[in-house]
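# Close look at the chain arrangement
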Amino acid sequence: MLKKNIITYIILGCLIFTGCSGRSATEDDTAQEPVSEDVFAMDTYMTVTAYGKNAQNAVDEAVDEIERLDALLSTGDKNSEVSSLNNNGGGKVSDDTKYLISRSLDLWKETNGKFDITIYPIMQSWGFTDKNFTVPSSEVLSQLLTLVDSSAIKLNEKKSTVTFEKEGLKIDLGGIAKGYTSSRIMDIFRKNGVTKGLVSLGGNVQVLGRKTDDDLWRVAIQDPDGTDYLGVLQAEDCAVITSGGYERYFEQDGITYHHIIDPATGYPANNGLKSVTIVSEDGTLADGLSTSLFIMGKDQAVDFWQKHNDEFDMILVDDNSTIYVSEGIAERFSSDKEVQIVKREG
């Protein structure tokens, strides 16, 4: 699992940093030399890269922001704000947590419950939170499913308070936090006058502007069937976020169980998709939808995109390894494999 993430990062690095060779070094070019920093947070390796005169300051601020949000939102840190909410059945929340809970509740409604941050007790029962993997009994899952209910979260935005109306209900913002973090980093870049940069957070990538040679960034999409890549997307000012069962999983009695749990069943989603990539200017939305559409399956995912194609585009890989690319990005996605284009209705 870790090996795949590292290989993805290397592919991304090779493709993103092409196009600058053969140019003579000038004072302007020197100002465009990249500044990068690696950090381990949110249970993954991250790389932040910026170009320009204020690149170092922007990267330093971005790393500080990653670490701040990790400490705030981590379910594994007993001192985090999210852990406090889970332990106390609610409480006062910061602007970041309030925003993420609000967006999560909106996504829960829009996806008809496919995105549900109250899945955390079931994630714990499978061992995906502490890596003590086990297959819970159907009786345990049936009991825990009664706690999977985002309608029991009451958010008072004016008072910045959250109340959980079911005892034992717990939340996990991990399905949306990385996308929010990458968007916050783009805000930091812009504040510092950076017009070209990117952040790679595990399977999440968000890019700002174009490369220094004015070409689009080239973002490799992981092939869920191996360590190679599925294809390359040319990107500008957007997040490219992939979710798939290959990212985190375990095997027991010859059966593979992945970490993307269907809130309706308590079991790993098994609706015919191997991976989902979402492309959107909104990193928070892209992160939440990559999970949601994976759980939906291909037909529901296409229907959802048809209704929201002004907000995002997608790349789907089904269990037969067929690739579906939405019309909005079809001309910017290249692959050696056969691709089917999903067109807008009408």
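Residues numbered from 1 in each chain as written. Predicted model: local features only at pLDDT ≥ 70, side-chain atom pairs only at ≥ 80, totals over all residues. Heavy atoms only, no water.

### A closer look at the packing of helix α3 (residues 55-73) against helix α8 (residues 174-191)
The criterion, for reference: Axis lines are fitted through C-alpha atoms, for helices just across the contact stretch, and the angle between N-to-C directions can take any value from 0 to 180 degrees. In DSSP terms, a helix is any run of H or I states spanning at least four residues, a strand is any run of E spanning at least two, and both are numbered starting from the N terminus. Angle categories are assigned with fixed cut-offs, so that under 35 degrees is roughly parallel, over 145 is roughly antiparallel, 65 to 115 is roughly perpendicular, and the rest are oblique. With the far helix as reference, a near helix turned anticlockwise by less than a right angle produces a left-handed crossing, and one turned clockwise produces a right-handed crossing. Here, two residues are considered to be in contact whenever any of their heavy atoms come within 4.5 Å of each other. Asp, Glu, Lys and Arg are counted as charged, while Ala, Val, Leu, Ile, Met, Phe, Trp, Tyr, Cys and Pro are counted as nonpolar; the rest, among them Gly, fall into the polar class.
Where α3 contacts α8, the axes come no closer than 9 Å and their chain directions differ by 150 degrees. Classified by the angle between their axes, α3 and α8 sit roughly antiparallel to one another. In this structure, α3 crosses over α8, and the sense of that crossing is right-handed. On α8, the residues that touch Ala 58, Glu 61, Ala 62, Glu 65, Ile 66, Leu 69 and Leu 73 of α3 are Ala 177, Tyr 180, Thr 181, Arg 184, Ile 185, Ile 188, Phe 189 and Lys 191. Class assignment of the residues belonging to the contact of α3 with α8 gives a composition of 10 nonpolar, one polar and four charged.

### Considering the packing of aromatic side chains
Here the distance between the centres and the angle between the planes together describe a pair of aromatic rings. For the record, the criterion: Classification of ring pairs rests on two measures: the distance between centres of Phe, Tyr or Trp rings, Trp counted by its six-membered ring, which must be within 6.5 Å, and the angle between planes, read as stacked under 30 degrees, edge-to-face over 60 and tilted in between. For the exposure calls, accessible area comes from a 1.4 Å probe over protein chains only, and a residue counts as buried if that area is under 20% of its type's maximum, exposed if over 50%, partly exposed in between.
Overall, the coordinates contain 11 aromatic pairs when judged by the stated rule. Judged by centre distance (6.3 Å) and plane angle (55 degrees), the ring pair of Trp 126 and Phe 250 falls under tilted. Note that Trp 126 is positioned in helix α6 (residues 120-126) and Phe 250 in strand β11 (residues 249-252), a separation of 124 residues in sequence. Given a relative accessible area of 0%, Trp 126 falls into the buried group. Summarising the aromatic geometry, the rings of Trp 126 and Tyr 267 are spaced 5.8 Å apart at their centres and angled 75 degrees between planes, so their arrangement reads as edge-to-face. With Trp 126 in helix α6 and Tyr 267 in the loop between β12 (255-258) and β13 (273-280), this residue pair connects regions lying 141 residues apart in the sequence. Take Tyr 267: its relative accessible area is 34%, and that puts it in the partly exposed class. Following the ring pairs from residue to residue traces out a cluster consisting of Trp 126, Phe 128, Phe 133, Phe 250, Tyr 257 and Tyr 267.

### Description of helix α9 (residues 283-296)
As a reminder, the rule being used: Given the number of residues in a helix, its expected span is that number minus one, multiplied by 1.5 Å. Two axes enter the definition of the bend at a residue: one is fitted to the seven residues ending there, the other to the seven starting there, and the bend is the angle between them. In protein, a polar contact means a hydrogen-donor-capable atom and an acceptor-capable atom, both N or O and within 3.5 Å, with residues adjacent in sequence counting only if both atoms are side-chain atoms; elsewhere, any N or O pair within 3.5 Å suffices.
With 14 residues, α9 should reach 20 Å at 1.5 Å per residue; the first-to-last C-alpha distance of 20 Å fits that figure. At Leu 289, α9 is bent by approximately 25 degrees, the largest bend along its length. Summarising burial for α9: 14 of the 14 residues are buried, a large majority. The residue sitting at the N-terminus of α9 and contributing the capping side-chain oxygen is Asp 282; that oxygen lies 3.0 Å from the backbone nitrogen of Thr 284. Gly 297 occupies a position one or two residues after α9 and carries a positive phi of about 90 degrees.

Distances and angles like these do not, on their own, reveal function.
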